[in-house]
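Next come the chains, spelled out residue by residue.
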Amino acid sequence: MIRGTVAIVGRPNVGKSTIFNRLIGQRKSIVDDTPGVTRDRIYGEVEWLTKTFRLIDTGGIQIEDQAFAQEINMQVDIAIEEADVIIFLTSAKEGVMTDDTVIARKLQKCKKPVILACNKVDNPEMQMNVYEFYALGLGDPVAISGAHGIGLGDLLDQVMEKLPEKNIAPYEGITSFCCIGRPNVGKSSLVNSILKEDRVIVSNVEGTTRDAIDTPFFVDDKEYMIIDTAGIRKKGKIYEDIEKYSILRALSAIDRSNVVLFLIDGEKGIREQDKHVAGLAHDAGKGVIIVYNKWDTVEKDEKTMSKIEKEIRAQFLYLSYAPIAFTSALTGSKVNQLIPLIDQVHDACTLRIPTNVLNDVILDAQMMNPAKPHLGKQLKIYYASQVAVEPPTIVLFVNDPELLHFSYSRYIENKLREAFGFTGTPIKILARKRS
C-alpha cells in the first residue's frame, strides 16, 4: 500500500542516485562521479516502519553552456508538482553553492514539505560543515552519508513524519480498472465510451486530463470503478518530454486498480515509449488487457488483425498472458467487449487454487519434464502452496532454491496457465528451501 511520493532534488553530483539506491535497497540508478549521469527520473519503492512510499530519483541538472535557472526550474517544478514530500539534497563536502541557493529559494515558495539533507558527512570532522546550510532557510539540516549509510534512518523518520495521512490502495469490493498509455492514445475517449457519457474532457491536445478521475458506474447491477490516468499539468513552462512526465500519475492509477487497460494508438502504431508504459503495469503485478484503440483509422483486410496481433506479441514478450482487444473509442466499436474481459481478468487475478489440485499439476509437470541437473545437483520440488492473489503467487518448496532456473520457472508457469487459465494476469513463482 503506497502512502505517498517523495522526490530527491539537488544540483549535480551531490549523491542523489547513491541515496536513492540506498533507500530502495538496490542499484537501480547509475552512480557515477560525472555530473548529470541520471538523465531521466527513476522510480522505486521504499518501506520504512511498515509503511511504503514511492521515491523519485530526479535527473542531474546540466548547467554548463546553458541558462542554469531554466534547468534548475525544470527539475524542481517536476518535484513540486508530483511529490508529497521533497528531499533537498546538498553536499557537506562542497558546502553551500550558488545552485543550492537558487533551488532553496524555489522550494521556499512551494507548499510542499521540504527536508534539507546534507550528504557526504562521512566522518565526524565533516559534521561541522553542516551548520552553514542553515543559511538556506529550510530548517535543520539532516546529516547523512550515502556512501556509508549514516543518518538515513533519521532522514526516513522525518519523511514518514511529513508524509500526509493517505493510502493509495485498490477499492475494496469493487472491480477497479484504469487506462494507461502514451498521451493522446484515446484514454479519455475510451472512458467516455465505456461510461456512455461525456464524463471526461476529450481533446486532441496532448495532456488535457489534469488530474486522475475516479468514476463509479454499474453494469448489470455490478459496480465498477474506472480511473482515467491524468496527463500533464502544464504549470508555467515545463522543459521535459511530456511522455516521461505523465508516468508518475499512471503509477498512482495502477496502484489503485485491479486491472489495467494498456492502450496502443492504432493510428500511429507501436512506439518505444509504449513498452515502458506497459512495463509499469506488469511490474506492479496487475492484470493487463492490451487495447489496440483507434481501430477505425486502420486500413485493414482479413489479415490485418492477425498481423497486428503477431507484432504486439513480438514487441511485448513479457505480456504474453495479456488478451488483446481491438476497439474504437470514437465509434464505440467493440468497446462493449471490454467489461466481460475485465471481469475475466479480475477473476484470474483473484483465483485461489486448492492446495491438493495445485500440487497435482506441479507433480505432473515435474514428472513430464524434470529439471536439468545444475552443478551436479537435481532440483526437487516437494510441494507447492499459493500464498497470495493479485498477482497469484506460488511458493515452491524445494531442496535448493538456487537450482530453480528461470527457464524451468517459466515451464511451471506455462503448465499452470494450461491448467487454470490465468488470463491477463502475471504469475509470481518463488522458491523456498523445505525446512
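You'll find the structure just up there.
To start, this report covers the structure provided alongside it. (Residues numbered from 1 in each chain as written. Predicted model: local features only at pLDDT ≥ 70, side-chain atom pairs only at ≥ 80, totals over all residues. Heavy atoms only, no water.)

1. Some details on the side chain of K415
With respect to the secondary-structure elements, K415 resides in helix α12 (residues 406–420). Beyond its immediate stretch of four places on either side in the chain, K415 contacts V361, A365 and M368. (Helix = DSSP H or I, 4+ residues; strand = E, 2+ residues; numbered from the N terminus. Contact = heavy atoms within 4.5 Å.)

2. Some points on the environment of K334
Here K334 lies in the loop between β12 (324–326) and α10 (338–349). With relative accessibility at 32%, the residue K334 sits in the partly exposed group. Counting along the chain gives 39 residues from K334 to W295, while the straight-line C-alpha distance between them is 9.7 Å. Apart from the residues within four sequence positions on either side, K334 is in contact with M305, F326 and T327. (Buried < 20%, exposed > 50% of the residue type's maximum accessible area, 1.4 Å probe, protein only.)

3. Side note on the pairing of strand β14 (residues 393–398)
With 5 of its 6 residues buried, β14 lies for the most part within the structure. The pairing of strand β13 (residues 381–388) with β14 spans 6 bridges and is antiparallel. Bridged to A384 within β14 is L396. Counted between consecutive antiparallel strands, the loop separating β13 from β14 contains 4 residues, among which E390 sits at a positive phi close to 50 degrees. In this sheet, strand β15 (residues 428–433) lies alongside β14 in parallel orientation, the contact comprising 6 bridges. If you follow L396 over to β15, its bridge partner there is A431. Each parallel crossover has a hand, and the one from β14 via α12 to β15 is right-handed. (Pairing = 2+ DSSP bridges. Right-handed = clockwise from strand over helix to strand, strands pointing away.)

4. Here's the deal with the packing of aromatic side chains
Across all of its chains, the model carries 10 aromatic pairs by this definition. With a centroid separation of 6.4 Å and an interplanar angle of 70 degrees, the aromatic rings of F316 and Y318 are classed as edge-to-face. Accessibility expressed as a relative area gives 1% for F316, which makes it buried. Since its relative accessible area comes to 28%, Y318 is described here as partly exposed. Arranged with centres 4.6 Å apart and planes meeting at 20 degrees, the rings of Y383 and F397 form a pair that is stacked. With Y383 in strand β13 and F397 in strand β14, this pair connects stretches of sequence that are 14 residues apart. Using a relative accessible area of 37% as the deciding quantity, one classes Y383 as partly exposed. Taken together through their ring pairs, the aromatic side chains of F177, F217 and Y224 make up a single cluster. Stacked on the ring of Y382, the Lys or Arg R434 has its end atom at 3.7 Å from the ring centre. (Phe/Tyr/Trp six-rings, centres within 6.5 Å; stacked < 30°, edge-to-face > 60°. Lys NZ or Arg CZ within 6 Å of the ring centre and 35° of its normal.)

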